[in-house]
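Each chain, written out:
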Amino acid sequence: MLKRRAFPLLWCAAFATGAEAEPRYEVVDLHVDLPYQLGYRGKSLQQGTGQAGLGALSAGGVRGVVLPLFVPRDASPTGPRLVDLEESYLRVLRELQRGPELALPGCGEASGVRTWLAFEGAGPLADAPESLGAWVARGVRIVGLVHTEHNALATSSGDARPVRYGLTDAGKALVRRAHALGVAVDVSHASDRAVADVLAVARETSGLVVATHSNARALCDHPRNLTDEQVRGIAATGGVVGLNFHSPFVVRGRPAELADVVDQARHLVRVAGEDHVAIGADFEGGIRPARGLSDASRFPALARALSRGGLREAAIKKLLSENALRVLCRSGK
Ligand SMILES: [Zn+2]
C-alpha cells in the first residue's frame, strides 16, 4: 500500500523538477567552446559556465564534443600566434588527462565523453602548413580557417573591411594539406568569397568541407549563416552543417524559441539532405541560447521537438550524432 502511494509522488517530483529519464538519443556536438572558458574565462574544462558542464552533458546524452582551440584577438597584440595555440592545446590536454569523464581526443572506445580537437582560427599555421600533420596526430579533426577578423588564410564574415579575396595562397595550401591528411575544413565564420574558394579547392581534392556552427540564411539573414547554395555545396563534399543555438543566428528581431531551432533544422535537412546536418550548438561560446535550449541537458527536448516537427527517428539520430561521427571518425583515428 505504501509503495503504491509512493510511486505517483516520486513521478510528480520528477515531473515538477523537469528531470529527464535516460536520454533516448546520443549526441555529438561539433562545437563546444570549453577551451575558451578554460583559457580565458577562468572556468574549468569539466564545468565551463554550466552550459556544457559534465552534469549537463550527461543529462543531455552527449557522448562526444569537439573542443575548438581558439585564441581571442586581445590575447596577443599581433593576433593569435602558434605559441598561443600550443598553450591552448597543452591546457586542454592537461585537463583531459585528469579523466575519465572527458576522454583523450580520438575515435577509440571511451568510458567518458569522447573529445576531438579543432581550430577556430588557424591563422598561425599560415607560415607552416606542414605542421598540420602533427596537430592531426594530437587529435585535431576540423580546421576552422578564420574567426571574426580576416587573417593570413582567409577573409571573415565578421570583418567590416572590404573583401577583395576569399582564400589567400596560404589558405589554399592549408585546405589542400588538411584534405590530404583526411580532416575537414570548417567554413563557419568565413566570408562568402572564402566559402566559395574553399568549395572550389574541395572539388579538386575531394576533401570534406563542414560548417560546424552555422544556420540557414534563408530563415535568418545574418552573415554568419549560410545561403542554400553554400549548404548544398558543403553537402556535395560529404560534409555537414552544425545547427547553432545562438538566438541571433536562429531568427532575426526577437529571442529565438526551441521551435525556431526546429525550423532551422528542418530547412537544413530539406536543402542539404538528412546525411548532412549535425549539431554545433556553440555552448560555452558566450551565446544567448534559444529559449528551451539553455544548456546541453536540453538535447532530449530538442529530439522530441524534432520528432513532433516531422523528422523520422533515423533522421534525428543522424542529426544528433551519426553525421558528426562520420566526419570525425572516417579515418578511424
Ligand atoms: Zn564561432
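Residues numbered from 1 in each chain as written. Predicted model: local features only at pLDDT ≥ 70, side-chain atom pairs only at ≥ 80, totals over all residues. Heavy atoms only, no water.

(A) Structural detail: helix H8 (residues 228-236). Along H8, the residues classified as buried are Gln230, Val231, Gly233, Ile234 and Ala235. Where H8 terminates, the next one or two residues include Gly238, which has phi positive at roughly 95°. (Buried < 20%, exposed > 50% of the residue type's maximum accessible area, 1.4 Å probe, protein only. Helix = DSSP H or I, 4+ residues; strand = E, 2+ residues; numbered from the N terminus.)

(B) Expanded view of the layout of surface pockets. Taken as a whole, the largest pocket spans an internal volume of roughly 360 Å³. In terms of lining, the largest pocket is formed by 17 residues, of which the most central are Arg73, Gly79, Pro80, Glu149 and Asn151. A breakdown of the residues in the lining of the largest pocket according to their chemical character gives 6 nonpolar, 8 polar and 3 charged. In terms of lining residues, the second largest pocket is bounded by 16 residues, among which His147, His189, Asp282, Gly285 and Ile287 are the most central. (1 Å grid on protein atoms, 1.4 Å probe; cavity = no way out; pocket = protein on both sides within 12 Å on 5 of 7 lines; lining within 4 Å. Points joined across faces, edges and corners; volume = space filled by probe spheres on them. Nonpolar A, V, L, I, M, F, W, Y, C, P; charged D, E, K, R; others polar.)

(C) Representation of empty space enclosed by the protein. Evaluation of the coordinates by the stated rule reveals 3 cavities of 30 Å³ or more. Considering only enclosed or pocket space, the largest cavity measures out at about 70 Å³ in volume. Put simply, the parts of the chain that give the lining of the largest cavity at least two residues each are strand S2 (62-69), strand S4 (113-120) and strand S5 (140-144). Of the residues forming the lining of the largest cavity, the biggest block, 3 residues, is contributed by S4. Of the residues belonging to the lining of the largest cavity, the class tally is 7 nonpolar, 6 polar and 2 charged. Taken as a whole, the second largest cavity holds about 50 Å³ of empty space.

(D) View of the pattern of salt bridges. With the rule as written, the count across this model stands at 13 salt bridges. Residue Glu149 is joined to Arg73 by a salt bridge in which the shortest nitrogen-to-oxygen separation is 2.4 Å. Of the two residues, Glu149 sits in the loop between S5 and helix H6 (169-180) while Arg73 sits in the loop between S2 and helix H4 (82-96), which places them 76 residues apart along the sequence. On the accessibility criterion, Glu149 (35% relative accessible area) is partly exposed. Note that Arg98 is salt-bridged to Glu95, the shortest N-O span being 3.1 Å. (Salt bridge = Lys/Arg side-chain N within 4 Å of Asp/Glu carboxyl O.)

In short, shape yes, function no, at least from these values alone.
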